[in-house]
Amino acid sequence: MRTGTDATGTDATGRAPTAWPVTGFALADTGPGADRPPSGAAWVPAVVPGGVHESLIAAGRLPHPYRDRHERDAAWIEDRTWWYRAELHRPDVPAGHRLTLELAGLDTVATVLLDGVEIARHASQFRPLAIDVHDLLHGTAELLVRIDPPFTGLTEPDGPRATRDRLRSFFAGQGAPTGDDEPSGVMSADLSMTLRRKALFSWGWDFAPRLPSLGLIRPVTLRAAPPVRVTGAHWRTLALPDGPGGAARAALTVETTGGGTVHWTLRDPDRRAVAAGHAPAAPRVDTEVTVPDARLWWTHDLGEPARDDLAVEVRDGDRVLDRRTERVGLRTVTVDRSPDTEGGRHFRFVLNGVPVFARGANWVPASMLVGSVGDDHVHRLVTLARDAQMTMLRVWGGGLYESDAFYDACDELGLLVWQDFMFACVDYPDTDPDLRAEVAAEAEHQVRRLRSRPCLALWCGNNEASALHAAIWGGDEPSGWGDHFYDDLLPGTVERLSPGTPYWRGSPHGELEAHGNGVLDGDRHAWEVWHGADLGAGGPQDFDGPGDRVHFLRYRHDRGRFISEFGLHAAPELSTLRRWTDEPLELGSPALLHRIKDTPKDKGAALLATETGVPHTARAYIAASMAVQAEGLGYGVAHYRRRQPVCSGTLVWQLNEPWPGLSWSVLDHDGVPKAAWYALRRAFAPVVATLRRDDGTGRIEVWVTNSTPAPWTGRLTARLARFDGSAAQAVRQITATVDGGASRPVAALPAPAAPRAVFAEVVDVTGRIPRHRLFLDRLRHLPLDGTVDAAIHAEAPGRTRVEITARGHAYAVRVEPTGPAFRASDAYFDLPHGAHATIDVTGLPSGFDPAALRVRTWRDDRRDE
């Protein structure tokens, strides 16, 4: 780092530099606990921001742990002590300012030394470290950051171990497979992790390998802090405008170090100053702001996610001492928990006074190597969520508080965020004083950081920790397992620093039933499907076989109010797997099994055998798993949306994944959509027509679900169509009006005499809402043997048009992806006999001949058997 040449910020006057990035780091390792770094040739250039793994990969000392089976070659890294070294030069600090060293992301157990003298210790991945070095840095000095093994100084606590033992027995008693090959996460890791504030998924999960990140995962900066500072600002909407052109009222809280005068200015999305004011500076300044001609922030399906620019300054006369800017929104978010029509309570988000059905997914860290995730990649993933008609993302509590880029993207693109605090699936010894202090500091930092975000809808205390604890202890639980955090510390921090922001104790959680994963109240995790356990949804428990126990048809019995997790496992595209492995990808091969972290690794076999038939090749297995995931999630979403407004949300598990594996994600690690992403894009449209088969009569009900606030009127055609393309067995022409926020049946088709010869479909005559199709038997029993004729037309550079015509009923029609940038306007759809479709393709690799594109169908996948 060279003083004055790498300045990244200026003071409030816009003249003198006040921020200088620290660059030129080197990295080396020693045995654990070493008190001094190595000398000589052991040092390699360090990737900062990044991590130890990224640095070793760049230096050629480590094969990428995602490639082939090299994950195990990285296991030694977490047991070593790592040293970062850089040269600091004291910059020209403006008069009256204090020089601080800011380390935005330390992962995780860190000691900071300046010229060999310890100046700070830190042990949290979830908050930054700032050190006053004004009186320590003179001229040039050597900065050392020592990263010790993550569990340094800890002893595994007894409480979480006892809970884990009961957890294993609990799942075994539910009839769920427990598997012991490569156990991961809380089932096998050193439970000292409950005392260390680090992402829990680091130790492996059922969707992720054990690959704990280490190092400097965020930028390191020298910063000159002015003597009078704006230390915080909180923007909160108090009252909405009465109508278009009306005024809104907001509360503004400004926190300062005192002195001078606080000034604020709000500019609307067109950059016009619409409100301003000032007050004498104080540690806390509270004021109300009236915003004329207010433009509200909405989710993208309901309107414009309008954002305003808030600037807060501390001035001494005309001289600006410090300045802070934020992008804020005018919106209100509440959670409606009023009684519903089925004897329970709603769990329904209300945005700007409008009840919404939350349609979305769970977000997990985008890489195990958390320091390598670029802002562009994050924006691309959030954009794909928006493009799939999602309106909410849940940041899962076993991962990380996400980067600013994530929340920026959600603010910009109009997606609400359900934000977990980082607690998941195990007891936390909340009587430990060090852990209490660390959690308090973490919560303070993160709530301050996110409180003015328009996307922030809710803070949640934990993921499954409190629900599993209640389920396995049954009222006989010991104290000090985490309830202090979920009932006192976390809600108290939210109320103190972000009043008005909803807080929810845990996910799942409810208050009307003895267990926390019920159907009458709150949110639930619907893992009856896939895992096969009875977790509170109800419905018949006499199954014809193991495939029916885990089958997605069980969703139809779920009466939950808000489904915050449900999902099905699927492989990524074969092209993605081939990018990450050079080994043969054969069914049952070590290369393919290595990509499955759920246990046992054949957990999905019974479901595939029941629904698609047993696949015999890797390509057929990939296609079958994707088909089941797409059909299952589409079926579940349709069921839950038909229950609107009693049910008010479906968040699939999961949107993305942290490595190139086989998981529940609908986007693979490279960001390539799976079949289920396309299915969700159809199922999550604001207005949908869906089909429901009555278990008793066999009739096919036609439903319209309207998740907009305005009434919907349209004309539909519903039919029992024949797979062979001959005349439909039954046709209904329907004109329907459905109120905003409502769902109701509008017609019915008769029970089919030969369910394997026909399928049910409903289409909007004007094409405003997606076509919906319902198969009436298992995929393996249906004549899905259609093929397609394809004509490929290269158009503008980078864009190709593919014209397709079906011969027979073609299923899972798509253009085979060619790489991470590949995008198709549609994929994995049905094309009845004689029907035509056009697919627009972009993102082909440089030099790729469009004529080499291949259109595949289900028949192609099965023919590869």
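First, a word on what this report is: a plain description of the structure on this page. These numbers were taken from a predicted model, which means no experiment stands behind them. (Residues numbered from 1 in each chain as written. Predicted model: local features only at pLDDT ≥ 70, side-chain atom pairs only at ≥ 80, totals over all residues. Heavy atoms only, no water.)

1. Points about empty space enclosed by the protein
If a probe the size of a water molecule is rolled over the atoms, the empty space left behind becomes visible.
Item 1. Under the defined criterion, the tally for this structure stands at five cavities of 30 Å³ or more.
Item 2. In this model, the largest cavity occupies a volume close to 60 Å³.
Item 3. Secondary-structure elements contributing two or more residues to the lining of the largest cavity are β43 (810-815) and β44 (823-824).
Item 4. Of the residues that constitute the lining of the largest cavity, the class distribution is nine nonpolar, no polar and three charged. (1 Å grid on protein atoms, 1.4 Å probe; cavity = no way out; pocket = protein on both sides within 12 Å on 5 of 7 lines; lining within 4 Å. Points joined across faces, edges and corners; volume = space filled by probe spheres on them. Helix = DSSP H or I, 4+ residues; strand = E, 2+ residues; numbered from the N terminus. Nonpolar A, V, L, I, M, F, W, Y, C, P; charged D, E, K, R; others polar.)

2. Section: the pattern of salt bridges
Item 1. Taken as a whole, this structure holds 70 salt bridges when the rule is applied.
Item 2. Between arginine 61 and aspartate 29 there is a salt bridge, with its nearest N and O atoms 3.6 Å apart. Of this pair, arginine 61 sits in the loop between α1 (52-58) and β5 (81-89) while aspartate 29 sits in strand β3 (residues 26-30); the two residues are 32 residues apart in sequence, bridging distant segments of the chain.
Item 3. Two residues, aspartate 830 and arginine 773, come together in a salt bridge whose shortest N-O distance is 2.7 Å. Highlighted residues: aspartate 830 in strand β45 (residues 829-831) and arginine 773 in strand β40 (residues 772-775), separated in sequence by 57 residues.
Item 4. Overall, arginine 773 belongs to the buried group, its relative accessible area being 15%.
Item 5. Beyond isolated ion pairs, a larger network of salt bridges with shared partners links Glu255, Glu444, Arg448, Arg451 and Arg496. (Salt bridge = Lys/Arg side-chain N within 4 Å of Asp/Glu carboxyl O. Buried < 20%, exposed > 50% of the residue type's maximum accessible area, 1.4 Å probe, protein only.)

3. Things to note about the environment of proline 645
Item 1. By the element assignment, proline 645 lies in the loop between α13 (618-642) and β33 (649-652).
Item 2. Sequence separation between proline 645 and aspartate 340 is 305 residues; the distance between their C-alpha atoms is 8.6 Å.
Item 3. Sequence-distant contacts of proline 645, defined by excluding residues within four places in its chain, comprise His346, Arg348 and Gly741. (Contact = heavy atoms within 4.5 Å.)

4. Brief notes about helix α4 (residues 404-413)
An α-helical turn contains 3.6 residues, so any two residues separated by three or four positions project in the same direction.
Item 1. Across the ten residues that make up α4, a large majority, seven, are buried.
Item 2. Regarding α4, the residues found buried are Ala405, Phe406, Tyr407, Ala409, Cys410, Asp411 and Leu413.
Item 3. Looking at the buried residues of α4, the elements they touch are β26 (358-363), α3 (375-387), β27 (392-395), β28 (416-420) and α5 (433-450).

5. Examining the environment of leucine 662
Item 1. Among the secondary structure elements, leucine 662 is positioned in the loop between β33 and α14 (675-683).
Item 2. A relative accessible area of 1% means that leucine 662 is categorised as buried.
Item 3. C-alpha separation for the pair leucine 662 and alanine 571, spaced 91 residues apart in sequence, amounts to 4.6 Å.
Item 4. Every residue in contact with leucine 662, bar those within four places of it in the chain, is listed here: His569, Ala570, Ala571, Pro572, Leu577, Leu592, Arg595, Ile596 and Tyr621.

6. Structural notes on the packing of α3 against α4
Item 1. Relative to each other, α3 and α4 sit at 35 degrees, their axes nearing to 9 Å. The two elements α3 and α4 cross, and the hand of that crossing is right-handed. Residue-level inspection shows Asp375, Val378, His379, Val382, Thr383 and Arg386 of α3 in contact with α4, the latter providing Ala405, Phe406, Ala409, Cys410, Glu412 and Leu413.
Item 2. Class assignment for the residues of the contact of α3 with α4 results in seven nonpolar, two polar and three charged. (Axes fitted to C-alpha atoms, helices over the stretch in contact; angles between N-to-C directions. Left-handed = near helix turned anticlockwise from the far one by under 90°.)

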